[in-house]
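# Reading the structure
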Amino acid sequence: MQAIIGGTGLYHLTGLVMTRRQAVRTPYGEPSGALTYGRIGDGPEIVFLARHGYGHTLAPHRINYRANLWALHEVGVRRIVSVATVGGITPTLSAGTIVVPDQIIDYTTDRPRTFFEGGDQPVAHVDMTQPYGAAMRQDLLASAQACNVAVVDGGVYGCTQGPRLETAAEIRRMGRDGCDMVGMTGMPEASLARELELDYAALCLVTNDAAGKGASVDEISMEGMRAVVDNSMKDVHRILGELVSGRCSSDAA
Ligand code: HPA
């Protein structure tokens, strides 16, 4: 089964007809909310989970990533699309651009980040050379193409701790490190997915120039970010609709 983890601005899926909801408890605590099952059109049943909670109550550093991934795995999910908003560091990643990143740099601190806690468990070092699942990435790219939505194939996602935004100097440093975009939720989600052997990829909407760049040279406009979400999330819905039902969601709705 396939799951979609929705980020800021994506609390439901266009065209998704809900079949049931399920509260799942895990050894790691509670996920961000109940799992929502549903279908778009005559597609197979999928699971949706709002990463920040259904009323957007959880800040990035408060999200129980382990519970979210564990719960999805427990109910039989094997592939996940993670939707997230990001700031653009590379100038070509301007607001409104959609990216399927292919690499990650993790700057987070202080987040529980593994299911392998030691004790009587064998030591496990999962391979993260390619942090995203190749098949899931290709399916996302193919769905975007089928819907005529332009997406950028590849880019380095730098994940910060948040919840504050970055300083201009931090973004300059991230740029020197090789980051193309910055967000707050990509890790440890991706590595936890890998620990559970899930096919996991991300679909990122650029909502703003990162701190100190382009239009954000002096500050990042929150209204600007909201406006981009309002204008461009429909393209994300189209890609997801195609992915889960074989029809771009605006056609299916
Ligand atoms: N920084 C971190 N996370 C973000 C940003 C940003 O500029 N925009 C959207 N999510």
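Here the structure is a predicted model, which is why all the values come from computation and not from measurement.

Let us now look at the nonpolar core. Across soluble globular proteins, you tend to see nonpolar side chains buried next to one another. Counting 33 residues, the largest nonpolar core has L35, V47, L69, L72, I80, Y157 and M181 as the members making the most contacts within it. Going through the elements one at a time, β1 (2–6), β3 (35–40), β4 (46–50), α1 (65–74), β5 (79–88), β9 (156–159), α4 (189–195) and β11 (199–209) are the ones with two or more residues in this core. Those residues in contact with L69 that lie beyond four places of it in its chain are I80, F115, E189, L192, A193, L196 and L198. Counting residues in each nonpolar core, the second largest holds 29 residues, with I40, I46, C147 and L243 among its members.

Moving on, we come to the state of the cysteines. Per the stated rule, a full pass over the model turns up one disulfide. What pairs with C147 in a disulfide is C248, and their sulfur atoms sit 2.2 Å apart. Since a negative S-S torsion denotes a left-handed disulfide, the C147-C248 link at about -115 degrees is left-handed. Of the two residues, C147 is situated in the loop between α2 (134–146) and β8 (152–153) and C248 in the loop between α5 (222–245) and α6 (249–252); the sequence distance between them amounts to 101 residues. For the pair shown, C147 and C248 are each scored as buried. Of all cysteine sulfurs in the structure, the one in C179 sits closest to C159, which takes part in no disulfide; the separation is 9.9 Å.

So, on to the side chain of T114. Note that T114 resides in the loop between β7 (103–106) and α2. Engagement of the side chain of T114 in a polar contact is seen with the backbone nitrogen of F116, the distance being 2.9 Å. At a separation of 2.7 Å, a polar atom in the side chain of T114 contacts the side chain of E195. Residues in contact with T114, not counting those within four places in the same chain, are R66, L192 and E195.

By the definition in use, this model includes four aromatic pairs. Their ring planes at 10 degrees and their centres at 6.3 Å tell us that Y132 and Y200 sit as a pair that is stacked. Within this pair, whereas Y132 is found in the loop between β7 and α2, its partner Y200 is found in strand β11, the two being separated by 68 residues in sequence. Assigned by exposure class, Y132 and Y200 land together as buried. In this structure, R21 is placed above the aromatic ring of Y54, and the distance from its NZ or CZ to the ring centre is 4.6 Å.

Further remarks concern the site of the ligand. Neighbouring the ligand are the residues T85, V86, G87, L165, E166, V182, G183, M184, T207, N208, I220 and M225. With respect to the ligand, the backbone of G87 contributes an N or O atom lying 3.2 Å from a nitrogen atom. With respect to the ligand, the side chain of E166 contributes an N or O atom lying 2.8 Å from a nitrogen atom. If you list the elements that add at least two residues to the shell around the ligand, you get β5, β10 (181–183) and β11. Ranked by the residues each element gives to the shell around the ligand, the list is headed by β5, at three residues. When grouped by side-chain class, the residues that make up the shell around the ligand number six nonpolar, five polar and one charged.

A two-sided burial pattern is seen for β9, the buried positions comprising V156 and G158 on one face and Y157 and C159 on the other. The pairing of β9 with β10 spans three bridges and is parallel. If you follow C159 over to β10, its bridge partner there is G183.

The rules behind each value
- Residues numbered from 1 in each chain as written.
- Predicted model: local features only at pLDDT ≥ 70, side-chain atom pairs only at ≥ 80, totals over all residues.
- Heavy atoms only, no water.
- Core = buried A, V, L, I, M, F, W, Y, C linked by side-chain atoms within 4.5 Å.
- Buried < 20%, exposed > 50% of the residue type's maximum accessible area, 1.4 Å probe, protein only.
- Helix = DSSP H or I, 4+ residues; strand = E, 2+ residues; numbered from the N terminus.
- Contact = heavy atoms within 4.5 Å.
- Disulfide = S-S within 2.5 Å.
- Polar contact = N/O pair within 3.5 Å; in protein donor to acceptor, adjacent residues only side chain to side chain.
- Phe/Tyr/Trp six-rings, centres within 6.5 Å; stacked < 30°, edge-to-face > 60°.
- Lys NZ or Arg CZ within 6 Å of the ring centre and 35° of its normal.
- Near = heavy atom within 4 Å.
- Nonpolar A, V, L, I, M, F, W, Y, C, P; charged D, E, K, R; others polar.
- Pairing = 2+ DSSP bridges.

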